[in-house]
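Given next are the chains, with one letter for each unit.
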Amino acid sequence: HASNQRQQQPVHTTLSPPPPSHNEPPAPPPARPVPAKELPLTMFAQPPPPKPPLPDQIEMWMSTQAGMPSHKRVCRITNVCRTSGGRLLVPAWLRDRHTDLVACGLQDVDYALDARNQGPFRLMPGARYTLFSGLAGRDLVSSQVPREHMPHFTTDIIPYILALDLASGTLRSPSVASGCRSPQNACVEGSPIEGAILVKDQVLARPATDWIRTFLGFFSAASFPMASINSEKTYAEAKRLAHGQDPALCFKSIVTTSLATGDLKGGGVFPPTNFLFSANRISREPGVLRGPDGVCRAKIFILQREGNRMILNAKELAQQIAAIGQRQGHRVSVEIVQFDEAPFQDQLNVAQAADIIIAAHGAGNTNFVFMRPGTAVLEIFPFGYNAGPFDSVARSMDVDYAELTALPETEPFMACLQRYRLDAKYVEDLRHRWHVASEEFRARGTQDSLHLESGDEDRGARMCARAQNLLVRPEEVASFLQKRLQQTC
């Protein structure tokens, strides 16, 4: 089916060092170019390479360190297949280890595979699937397809940066316990990983410079290869060849975990040796503000936006921040930056260079994933709206996280509501709740009664709350900055 093959578009990413700063480690040499490899559409239907399969087994890892819940697992299960609907077909012997599979994050499982015994994949009697073994030399990374929006993709993938670190043997720590189970008591632990991840067609159709595609390329620079599989097109072709039965792509193993990004509370779960960060020369060394000369230096960025959620008084904040640093005897540099159209490399460089980022809520905050441990962020939300996932992204990377709320933009919000066909009683009630919350906020600086990010609210109200521009009380930013500099300097 050569006509259906996607033209491969390798992404060449060179990680240049971040802007110079007195308190940063020496700049590393540029990383080698990183191709983001996409597997050809027909590869899954071809015979697999002649490599002996791994024995049926399940490897499990758990951590007792502070940043990772001990009841959740990272797992690698050999000889599995995945259906078009996301169900995982596993060897029947694992039926007795169902609780382990749940701890590994697997819910939709069918014990439909017979033991391989060094032979081909085989179904148990009565199982009705069509198996494709062309990817049997690959290790599937997650049974789920990551979402296509930049922040959601990142929160889906962060747990697998840890999982692959454990499964590949790169992360070794006294706080990590591991075990292996096999029906033949013949575990082969730590075998090399040749990864494959299912990716949505609309992601792979984007330019090679797209943020997600470039981020996926980071995996290819690591100690094991990683390739992308076009999930929609591949399963569509498999369905065509399956003649009415449910198709399932078979893999050497799957790396899976029940961990979510919100479960990772820092604690060093992503050390400097982590396979992805070290291979791409992204520093995980802690940020240090005070230099050997005793002077405290801080590089602060205000992350501005175009369009809605623009920080209206960004220049005033920058001047105030510089004045605070001068009064306290610190050398503080402040720069206003925008990520809306910025190349991926520029976004990464800012995150690596920053000691503090003050950011409007928005997709650009996904770059918190590249900040160094011990640095800090202050996220600014529009009035009446407060949503993740950037708090979880920051905390998982040992970045100190704080937030504040901008003043209400009542007239623009009410005008925005008119563009939606909202129920009149709902709008009347919302106006009252907005007024009460605004008075509470102006009096106390906080409010707990209005949460328009909630799924219980009308979508139009959520969109209008998100669309507000951000006028920030300078004294709140000053308070945050003074406390931060006192703590770290």
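Residues numbered from 1 in each chain as written. Predicted model: local features only at pLDDT ≥ 70, side-chain atom pairs only at ≥ 80, totals over all residues. Heavy atoms only, no water.

S.K.: How should the overall build of the protein chain be read in this particular structure?
M.R.: Helix and strand counts for the protein chain come out as 13 helices and 16 strands. A buried classification covers 54% of the 489 residues belonging to the protein chain. Summing over all exposed atoms, the protein chain offers an accessible surface of approximately 21,000 Å²; the carbon and sulfur share of this is 50%. (Helix = DSSP H or I, 4+ residues; strand = E, 2+ residues; numbered from the N terminus. Buried < 20%, exposed > 50% of the residue type's maximum accessible area, 1.4 Å probe, protein only. Areas by Shrake-Rupley, 256 points an atom, 1.4 Å probe, with all protein chains shown as cover.)

S.K.: Would you mind going over the pattern of salt bridges with me for this structure?
M.R.: If the charged atoms of two oppositely charged side chains come close together, the side chains can form a pair. Applying the stated rule across the entire model yields 19 salt bridges. With a shortest N-O distance of 2.7 Å, Arg 97 and Asp 100 are connected by a salt bridge. Of the residues examined, Arg 97 reaches a relative accessible area of 24% and is grouped as partly exposed. Measuring nitrogen to oxygen at the nearest pair gives 2.9 Å for the salt bridge that ties Arg 240 to Glu 237. Of this pair, Arg 240 and Glu 237 are both found in helix α5 (residues 231-242), 3 residues apart, which corresponds to roughly one turn of the helix. Three or more residues joined by partner-sharing salt bridges are found here, namely Arg 76, Asp 139 and Lys 252. (Salt bridge = Lys/Arg side-chain N within 4 Å of Asp/Glu carboxyl O.)

S.K.: Sorry, what's going on with helix α12 (residues 459-466) here?
M.R.: Along an α-helix, residues three or four positions apart point the same way, because every turn accommodates 3.6 residues. Residues of α12 that are buried include every one of Gly 460, Ala 461, Cys 464 and Ala 465, and no others. Taken around the axis of α12, the buried residues stretch over an arc of 135°, which confines them to a single face. Buried residues along α12 sit against α10 (410-417) and α11 (424-444). A distance of 2.7 Å separates the backbone nitrogen of Gly 460 from a side-chain oxygen at the start of α12, and that oxygen is part of Asp 458. (Arc of directions from axis to C-beta. Contact = heavy atoms within 4.5 Å. Polar contact = N/O pair within 3.5 Å; in protein donor to acceptor, adjacent residues only side chain to side chain.)

S.K.: Please explain the environment of Pro 125 as it appears in this structure.
M.R.: Looking at the secondary structure, you find Pro 125 in the loop between β5 (109-113) and β6 (129-132). In sequence terms Pro 125 and Ala 112 are 13 residues apart; their C-alpha atoms lie 8.3 Å from each other.

S.K.: Looking at this structure, how should I read the side chain of Arg 76?
M.R.: Looking at the secondary structure, you find Arg 76 in strand β3 (residues 74-83). For Arg 76, the side chain forms a polar contact with the main-chain oxygen of Pro 192, separated by 3.3 Å. Side-chain polar atoms of Arg 76 contact the side chain of Ser 253, separated by 3.0 Å.

S.K.: When you look at unusual backbone geometry in this model, what are you seeing that I'm missing?
M.R.: Glycine aside, negative phi is the norm for most residues, and most peptide bonds take the trans geometry. Residue Pro 389 is bonded to the preceding Gly 388 through a cis peptide linkage, with omega at 10°. For Pro 389, the location among the structural elements is in the loop between β15 (376-381) and α9 (390-396). One non-glycine residue with positive phi stands out, namely Ser 142, at about 80°. Looking at the secondary structure, you find Ser 142 in the loop between β7 (139-141) and α2 (150-167). A relative accessible area of 9% places Ser 142 in the buried class. Positive phi, close to 55°, is recorded for Arg 281, a residue that is not glycine. Within the element layout of this structure, Arg 281 appears in the loop between α6 (275-279) and β12 (297-304).

S.K.: Before we go on, may I ask you to explain the nonpolar core in this structure?
M.R.: Taken as a class, soluble globular proteins show a tendency for nonpolar side chains to be buried jointly. Core analysis: the biggest nonpolar cluster contains 65 residues, and Leu 164, Phe 215, Phe 219, Phe 270, Ile 357, Phe 368 and Phe 370 have the highest contact counts within it. Sort the elements by how many residues they give to this core and α2 lands first, with 11 residues. In this structure Leu 164 touches Val 141, Ile 193, Phe 219, Phe 224, Met 226, Val 255 and Phe 275, once residues within four positions along its chain are discounted. Within the second largest apolar cluster, 27 residues are counted, among which are Leu 317, Ile 324, Ile 356 and Val 477. (Core = buried A, V, L, I, M, F, W, Y, C linked by side-chain atoms within 4.5 Å.)

S.K.: Hey, could you run me through helix α4 (residues 211-220) in this one?
M.R.: Of all 10 residues in α4, 9 are buried; the element is thus mostly enclosed. Of the positions making up α4, those classed as buried are Trp 211, Ile 212, Arg 213, Thr 214, Phe 215, Leu 216, Gly 217, Phe 218 and Phe 219. Those residues of α4 hidden inside the fold are in contact with α2, β9 (195-199), α3 (201-204), β10 (226-230), α6 and α8 (344-353). Capping the start of α4 is the job of one residue whose side-chain oxygen sits 3.1 Å from the backbone nitrogen of Ile 212: Asp 210.

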